[in-house]
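Below are the chains, spelled out letter by letter.
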Amino acid sequence: MTTTTGTSAVTRAAGTAHTRIEGREKVTGTARYAGEIPFAGLAHGWLVLSTIARGRIRAVEAGPVLAMPGVLTVLHHGNAPRVDGDYTGMLGRPDPTLLVFQHDRVPSAGWPVALVVAETSEQAREAAEALVVRYDQEPHDVAFFAGRPGTYTPESSLGEPCETEKGDLQAELAASAVVVDAEYTTPEEHHSAMEPHAATAHWDGGRLEVVDSNQGSMWVAEELAKLFSLDPSSVRVRSEHVGGAFGAKGVRPHQVCAVMAATLLHRPVRVVLTRRQTFSLVGYRSPTAQRVRLGADADGRLRAFDHQAQSLTSTVHEFVERSADPGRVMYAADAHHTVNRLVKLDVPTPTFMRAPGEAPGSFALESALDELAEKCGLDPIALRARNEPDAGPVSGLPFSSRNLLACFQEGAHRFGWADRDPRPGIRREGRWLLGTGTAAASFPSRAVPSTAAVTAEADGTFTVRITAADVGTGARTALTLIAAQALDVEPARIRMKIADSDFGPAMIAGGSMGTRSWGWAVAAAVGELREQLALGGDIPPQGITARSDTGAAIGALAHKERHSFGAQFAEVAVDVTSGEVRVRRMLGMFAAGRIINPLTARSQFIGGMIWGLSMALHEEAVRDQASGSHVGADLAGYHFAANADVPLIEADWVDDPDPDDPVGIKGIGEIGIVGAAAAIANAVWHATGVRHRDLPIRPDRVLLAGAGAGAGAGAGAGEGGTG
């Protein structure tokens, strides 16, 4: 576990366990979330979504609804304010879903077609459910499958190429003594954060103020300013507490709708999405179809590496689930090829979801590595060690640090891996077949320029202001500890103020870049403040403030491969008579930079691992081909791991500070989910002798695969499919 330097309790603030500084407010119910903050004269908006998957709106019959009790207005494409979508934001061109009510086209089921605003939420809901919208329906296509017509390769996404090549792949495959060529699929998955998406907009003295649940207040403020052609300084967005985000709480239609209605009605308007509405309005993880080809010498050394990934996107906005990316840094090979392909369908636009690309991509990649180990007669950990790269396999860049093998070494010791019989289908307890599996994990470690301000107050305390977002990760606490250590004071003397766009530009909570980017900015501001305080003199009543901007420092970083790494271990029990799979224990060992708060860090790792378990065995959103809508768009129809499904899970880390980061952070928010599903799938193979290449590993798939392999248990059928 990471240790810190310094001799006093104060200087060890970062690196020791601290409960969340807002923990008391959250457990006592006094922490305020976006949907429950009071406003005088508050009106309530309720969205109406399309019931067709493609076509045009012929009529919105608002008259009868406007006559209903409490209804104030009905916004739709015929009367809504115009917005400007011709701009480039932080993530590029805006998703046209944000251009709410600007035309009569319907490109997918669940498209916003109207907003009913009323005095109460109940009145708005009743009126929205009564609103009649008539359509001219057109044929739609929502069918996703491998290699379907219309699949193409984008040139790039977010500045990264979608395809990379090195060496002669076909020649190396032909020269390989052992080849794995397998296809894997993952289904559509949804964020489903506990706290609903909610936004309240109002005008205060000519300034637009929005109280929201988001991953970056400055991000939302800048996008709203551009959409509504406002001066950026005239928009303020705040987000006091966020009950989960995972990539879904960016800029979404409900925020735009709230601003529209508040502008027309000259009073505060709140729009809260229902659970069912989030399945079509806030993004999701695209299903994937992946093909992995590995060619190796008889001793397991890779000659050829080929990872091809296909995902879907909407017809109105391009989003790439970059599932082929993990292999670009994981394993050395003489020939290397990765590609991310897309197909456009009549569906809502996918988006970032915890460990985008890496989560589904690692399932295919790490399952294929396990298959290769089986064919070569090698231990899966030994195979990975044999193909450990000295530099980036594709980029050729040096690694800032790479402690993956240390994770495997320590994890194998703690998990008891040395006692594992490599033969599948051997261990049994009554009706249960037992197996263990492992997988590697990686996730990029990046930093984005951010600003912060630190004030030395006259009373001896310090106030930190930064537009960070605590989406449940414990970021408030981590930043408090970073500031306390940099100032050499007790954490109790730090007042941490976050999530207010007035505090200036800062990275959003996303891509495991938040705390690293913010911590760097806070540390830099403290450095400036200490220089000012060193000049001596009394602190005036208004305090002494120092500000930072890390743009130049981050821009000067040397080009390296910067990643967090990890090793996942799982033990499962499989009942081949019922098809039930139970995970009995999991262990994750991570090399993820300096750990600022072990208490919340372990929570993040374990939370990600639980999500990986849920991904492996439960989560699957199904789209009805006839309607284009979801089957069971709620938490009854969309299954995920409950408490009874979660076994003993342990997470720990090896020493791994980033030498190029002033705080040593790499980022931990997403690495926990990466590789977890593959470790479980590999354990299921070890238990039964049957491979499952399609997630989730449902009981019916276990039964079908077992029947196809001749009763499954002990068959050693390493090439068995699941259908």
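Parameters and conventions
- Residues numbered from 1 in each chain as written.
- Predicted model: local features only at pLDDT ≥ 70, side-chain atom pairs only at ≥ 80, totals over all residues.
- Heavy atoms only, no water.
- Pairing = 2+ DSSP bridges.
- Helix = DSSP H or I, 4+ residues; strand = E, 2+ residues; numbered from the N terminus.
- Axes fitted to C-alpha atoms, helices over the stretch in contact; angles between N-to-C directions.
- Contact = heavy atoms within 4.5 Å.
- Expected span 1.5 Å × (residues − 1).
- Buried < 20%, exposed > 50% of the residue type's maximum accessible area, 1.4 Å probe, protein only.
- pLDDT = per-residue confidence, 0-100.
- Salt bridge = Lys/Arg side-chain N within 4 Å of Asp/Glu carboxyl O.

## Comments concerning the sheet that holds strand S17 (residues 335-345)
Backbone-to-backbone hydrogen bonds join strands into a sheet, with any given pair of strands oriented parallel or antiparallel. With mixed pairing, 5 strands are arranged side by side in an open sheet as S9-S17-S16-S15-S10. In the strand order of this sheet, the two ends are held by strand S9 (163-166) and strand S10 (178-186), each with one partner. Sheet twist, expressed as the mean angle between neighbouring strand axes with direction ignored, is 15°. Strand direction decides the pairing type here: S9 and S17, joined by 4 bridges, are antiparallel. From the neighbouring strand, Glu163 faces S17, where its bridge partner is Val339. Most of the contacts of helix H9 (residues 358-376) go to S10, to which it runs at about 150°, and overall it touches S10, strand S15 (288-296) and strand S16 (302-314).

## A word on helix H13 (residues 514-533)
The end-to-end C-alpha distance of H13, which contains 20 residues, comes to 28 Å, matching closely the 28 Å that a straight helix rising 1.5 Å per residue would cover. Among all positions of H13, only Gly514, Arg516, Ser517, Trp518, Gly519, Trp520, Ala521, Val522, Ala525, Val526 and Leu529 are buried. Those residues of H13 that are buried are in contact with strand S20 (451-456), strand S21 (462-466), helix H12 (475-487), strand S23 (544-549) and helix H14 (551-555).

## With respect to the pairing of strand S5 (residues 112-118)
When you tally the buried positions in S5, you get 7 out of 7 residues, the bulk of the element. Relative to S5, strand S1 (residues 43-49) runs antiparallel, the two being bridged by 6 bridges. In the strand pairing of S5, Val48 is matched with Ala114. Strand direction decides the pairing type here: strand S3 (residues 71-75) and S5, joined by 4 bridges, are antiparallel. Counterpart to Val74 in the pairing with S5 is Val116.

## Quick notes on the confidence of the model for the protein chain
In the predicted model, the protein chain carries a mean pLDDT of 94, and 96% of its residues have values of at least 70. Taken together, the stretch residues 1-11 has pLDDT below 50 and engages in 28 contacts with residues farther than four places along the chain or on a different chain. Counting contacts from residues 711-723, a segment whose pLDDT is below 50, to residues more than four positions away or on other chains yields 41 contacts.

## A few points about the pattern of salt bridges
Throughout the structure, instances matching the rule amount to 54 salt bridges. Measuring nitrogen to oxygen at the nearest pair gives 2.8 Å for the salt bridge that ties Asp306 to Arg293. Taken together, the positions of Asp306 in strand S16 and Arg293 in strand S15 put the pair 13 residues apart, joining distant regions of the chain. Each member of the pair, Asp306 together with Arg293, is buried. Among the charged side chains, a salt-bridge network with shared partners connects Arg207, Glu209, Arg236, Arg238, Asp500 and Asp502.

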